[in-house]
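Structural characterization, general
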Amino acid sequence: MEIMERFEIDVRRSFSHFSFHPFERRIYSHDISVLPSFVEKMVYSQADVIIQPRNVEEVKEILRLSKEYSKPIVPRGAATSGYGGVIPFNGGIVVDFSRMNGFEIDEDLKLVIAEPGAIWWDIQKAARKRGLSLRIYPTSAISSTVGGWIGQGGIGIGSTMFGDIKENVEWLRVLDFQGEKVVEGEDLRYYVGMEGTTGLIISSAVKLMDAAKEIPLAIEVESVGNALKVFGKTKPYSAILMSSEFFRLMNEVKGSDFKEKDTLVAVYLDEEPKIEGFKYEEASEIWKDRFYPLRIKKKGPSLVSVEILLPFEALEAFYGEARKLEIQHAIQTYFSRGEANVIVLIPSDEREKRFTQDWKKAFKLLKIGLKLGGKPYATGLYLSHLSKKVIQHFDDLLDFKRKVDPQNLLNPGKIFPKGRLPMMLKIAGLII
Amino acid sequence: MSEANFLKNLSDEIYACAQCNYCRVCPTYKIEKWESVSPRGRLYLLKLMLNGSKIDSVMLKDFFKCTTCGLCENICIVDIPLLELWEKARNWLTKVKGPLPAHKKLADNIGIHMNIYGEDRNLRDAWFPDNVEISDSETLFFAGCTASYRVREIAESAVKIFSRFGIEFNYLGRDEVCCGSTLIRTGQKEKAERLVEKNIKIWERNGIERVITTCAGCYRTFALDYPRICEERGIDFNFEILHLSQFIEREAGKVIKDGMKAKLKGRATYHDPCHLGRHAGVYDEPRELIKASGLELVEMEHSRENSFCCGAGGGVRAQFRDLSLEIGKLRLEEALQLNVDYLISCCPFCKMHLSHSKKVSGLERNDKPEILDISEVVLKVLNENGF
Ligand code: SF4
Ligand code: SF4
């Protein structure tokens, strides 16, 4: 019997929720990113099967099958990221965690213990009913998963006060080929932001806070430096700098009437600080819109984007460069403690030639960001050739990866460059 | 027309999808949990087809696992007109691939018997109470297939309410013809167009100026689809279309609220039928009537624009019975959480399906909540007052 046949029989015997259907495999082989078609052709590969485990035992069985048949494992949350982290670049088993979406709230310890497929906003709603709240969450919280964001790493709403997701995880339970581990403290760095390349997260304890009244203020700022001063002085819970161009595009797609000025949207908990300057009445509406930056895709219908983590002192220079681009774009900057995530969104049209040109400009911005001491928000599949340069303690992480996954079956090609693809993507980056 | 050519016209909408998955609220996706049946999955499928992929029978079926509830459109971050898109795509897929078996059966039933259930046309008016008068009024009561054959208490309550208030109305009895809603929703618009012409001819022949119906599906079809189809076909459409809840609220809401001293007791919640609420924007009148009856109205987690479908629409009950009942159970669970005495809706199809879901959930007929239509609630309060 062919290996693939035996594999299929084993999957059918062991699981109740799986799909070998060609379209389903196709749909589970992409994320929200759309790249120029010649790049997509380079990275395109299709999963062999999609499995939706219901419990830890089934995840263990997936690991067993992976080892037996040398099939890569690609964990998947809501696939709302755009770095190719969930793309089964070498085929294999896509593990869709949507059926492992339970969570429990520990009111005494102020923690939520969540399965990987739990949705951030479902947790937030439940926490609020108990007088608690998430400390941080991603702007995609309405649909994105706990496992997905922890795997991807990064900063979000609330990071100005509480830092990145790693700082907000108490412990993780992970599975690898050796078995189950509980990870906490310094060791979290081997898993948070590692895209499942070192183990599969099966449970996470995420820190909560007492629910507080959110007071959003929108303050017109003359410069990035000005914005930094305001939030440096007032210590907001969350701070986002939105460019005048962002509001212009929003007004166009929403029919809203936001002032088209660079604006710092700062949210305070319980107490409103005394700030000199102009405060918008629409602050609450802008704050409500924090989940919908992608609305401007309506202008496209496609969107080219680049996300860069920059030190505060590099922001002014970066904005200057971005504004020199002769192209319609919008910038949103999320402030964390000590660094900021700058997102540049460029409405485009993947059906037209200009799409490649727009990507070229986005790459140019990424390079400028790198020169200014920044790093890509994530490296995933597409930017794995940069991992060694931009990820702290990369060699240590690589040693760890080799130890726990000697056959490189856990999400191969992500974070840790593999084969010729990183080189090809690097070249593609130069071309476009 | 080839797949790619037809889809080119919808290209802007298809490409606009951000794949954000905020539309995970979709009732079908909630039950089946596979992306192929989620709104973003369907859009991705259309995109693949636009680029030359062929749809197979499995994906074709998945494409029709949609109740056309419109919740995805309500939530979509880039405002894709998803309902229209689903309907256009279904219509085109049906033309190319033929209707799904259960949907074909609906069309066959209508072709022969003028009702979706394949019931004897001569029994369409069997529900009509003896002691109620029909006049040649320009106001027509349109019962629809489901209230005529399956949930007759709704049609009966409606005409009794008219009679108690002395409202003159016409009723076409055996000459009443299916509105065509299920055909439009299941991609068989061309077949529905024949019914549009037929109905309009009968109404004109009888001097009808206003049509009142208890069915949310008929209401949506008459109020939104008929004018559109008539415009496309160059036919005049000069009828006022009202749902019973709108008509009663307008004509008798005040009397029920202030004039009826004996009030109903208990807690109730209201299920917005998708076709009446999200599709047509009728949210307040049924609620006003429930409050006027004396019942305490409490809202479910999903209500008004965010209401959750009962699971029956879009041909899903006909073709995918288990899925539709699972969705119905989810809706019922929301009502159960509120510990209400009554779950009230404004549509015979919703009542039939929620009652069926209640039964398969293992709840007895007398277990709470009792599932009622707004017409029954209004009649109850009239009875309480000896009106
Ligand atoms: S209309 Fe309703 S059932 Fe259909 S895709 Fe949208 S949310 Fe799902
Ligand atoms: S909400 Fe709209 S944009 Fe987002 S995935 Fe669904 S259909 Fe696409």
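Along each chain, residue indices are assigned from 1 in the same order as the chain's sequence is written. Both sets of labels track the order of writing: A upward for chains, 1 upward for ligands. Local features are withheld for residues below a pLDDT of 70 in this predicted model, meaning they are given only at 70 or higher, and side-chain atom pairs are given and counted only at 80 or more; totals for whole chains, interfaces and linings count all residues. With hydrogens and water set aside, each side-chain value is computed from the structure's full complement of heavy atoms.

1. Observations regarding the site of ligand 2
The following threshold applies: The near set for a molecule or strand comprises every residue that places at least one heavy atom within 4 Å of it. Here the term charged refers only to Asp, Glu, Lys and Arg, the term nonpolar to Ala, Val, Leu, Ile, Met, Phe, Trp, Tyr, Cys and Pro, and the term polar to all other amino acids, Gly among them.
Taken together, Cys17, Ala18, Gln19, Cys20, Asn21, Cys23, Arg40, Leu43, Cys76, Ile77 and Val78 of chain B make up the full set of residues adjacent to ligand 2. Residues that form the shell around ligand 2 fall into these classes: eight nonpolar, two polar and one charged.

2. Concerning the pattern of salt bridges
Which entries qualify depends on this criterion: Criterion for a salt bridge: a side-chain nitrogen of Lys or Arg within 4 Å of a carboxyl oxygen of Asp or Glu. In this description a helix means any DSSP run of H or I spanning at least four residues, a strand means any run of E spanning at least two, and both kinds are numbered starting from the N terminus. The rule is simple: take the accessible area with a 1.4 Å probe, protein chains only, and divide by the maximum for that residue type; under 20% is buried, over 50% is exposed, in between is partly exposed.
One pass over the structure, following the stated rule, counts 67 salt bridges over all chains. Between Arg54 of chain A and Glu58 of chain A there is a salt bridge whose closest N-O contact spans 2.8 Å. Residue Arg185 of chain B pairs with Glu87 of chain B through a salt bridge whose shortest N-O separation is 3.1 Å. With Arg185 of chain B in helix H11 (residues 181-185) and Glu87 of chain B in helix H7 (residues 82-97), the pair connects residues that are 98 residues apart, well separated along the chain. Across the pair, exposure class does not vary: Arg185 of chain B and Glu87 of chain B are buried alike. Through salt bridges that share partners, Glu87, Arg185, Arg220, Asp225 and Arg228 of chain B make up one connected network.

3. As for the domain arrangement of chain A
Residues and elements named next belong to chain A. To keep things clear, this is the line we draw: For the domain bounds, the source is a domain assignment made automatically or taken from a database. The criterion used for residue contact is that any of the two residues' heavy atoms lie within 4.5 Å. By convention, the term buried area covers the 1.4 Å-probe accessible surface removed from two parts as they join, with the contributions of both added. Two N or O atoms form a polar contact when they lie within 3.5 Å of each other; inside protein one atom must be a possible hydrogen donor and the other a possible acceptor, and for residues adjacent in sequence the pair counts only when both atoms belong to side chains.
Assigned domains of chain A: these are domain 1 (3-98 + 399-428), domain 2 (99-210) and domain 3 (214-376). Put simply, the middle of domain 2 and the middle of domain 3, counted by C-alpha atoms, are 26 Å apart. In this complex, domain 2 contributes 19 residues to the contact, which on the side of domain 3 involves 20 residues. For the domain 2 and domain 3 pair, buried surface summed over both sides reaches about 1,600 Å², with 59% attributable to carbon and sulfur atoms. We note a salt bridge from Arg128 to Glu214, for which the minimum N-O separation is 3.4 Å. In this assembly, domain 2 and domain 3 are joined by nine residue pairs in polar contact (both at pLDDT 80 or more). The element contributing the most residues to the side of domain 2 that touches domain 3 is helix H7 (residues 159-162), with four residues. Across the side of domain 2 that touches domain 3, the residue classes tally to ten nonpolar, five polar and four charged.

4. Some details on helix H13 (residues 216-233) of chain B
All names here are of chain B. The following threshold applies: The span one expects for a helix is its residue count, reduced by one, times 1.5 Å. Given a residue, its bend is the angle between the two axes fitted to the seven residues that end at it and to the seven that start from it.
For H13, built from 18 residues, the straight-helix expectation of 26 Å at 1.5 Å per residue is met to within 8% by its first-to-last C-alpha distance of 24 Å. The axis of H13 is deflected most strongly, by about 40°, at Asp225, and proline Pro227 appears within four residues downstream. All of the buried residues in H13 are Ala216, Gly217, Cys218, Tyr219, Arg220, Thr221, Phe222, Asp225, Tyr226, Ile229 and Cys230. Just downstream of H13, Gly234 is the residue with a positive phi angle, here 70°.

5. Considering the domain arrangement of chain B
Many authors give the size of an interface as the accessible area that is lost as the parts come together. All names here are of chain B. Its domain assignment divides chain B into domain 1 (3-97), domain 2 (102-245) and domain 3 (259-384). The C-alpha centroid of domain 2 is placed 30 Å from the C-alpha centroid of domain 1. With seven residues of domain 1 at the interface, the matching set in domain 2 holds eleven residues. Roughly 630 Å² of surface becomes buried between domain 1 and domain 2 when both sides are summed, with 44% attributable to carbon and sulfur atoms. Our count for the contact surface shared by domain 1 and domain 2 stands at five residue pairs in polar contact (both at pLDDT 80 or more). When the residues that make up the side of domain 1 that touches domain 2 are grouped by side-chain class, the tally is one nonpolar, three polar and three charged.

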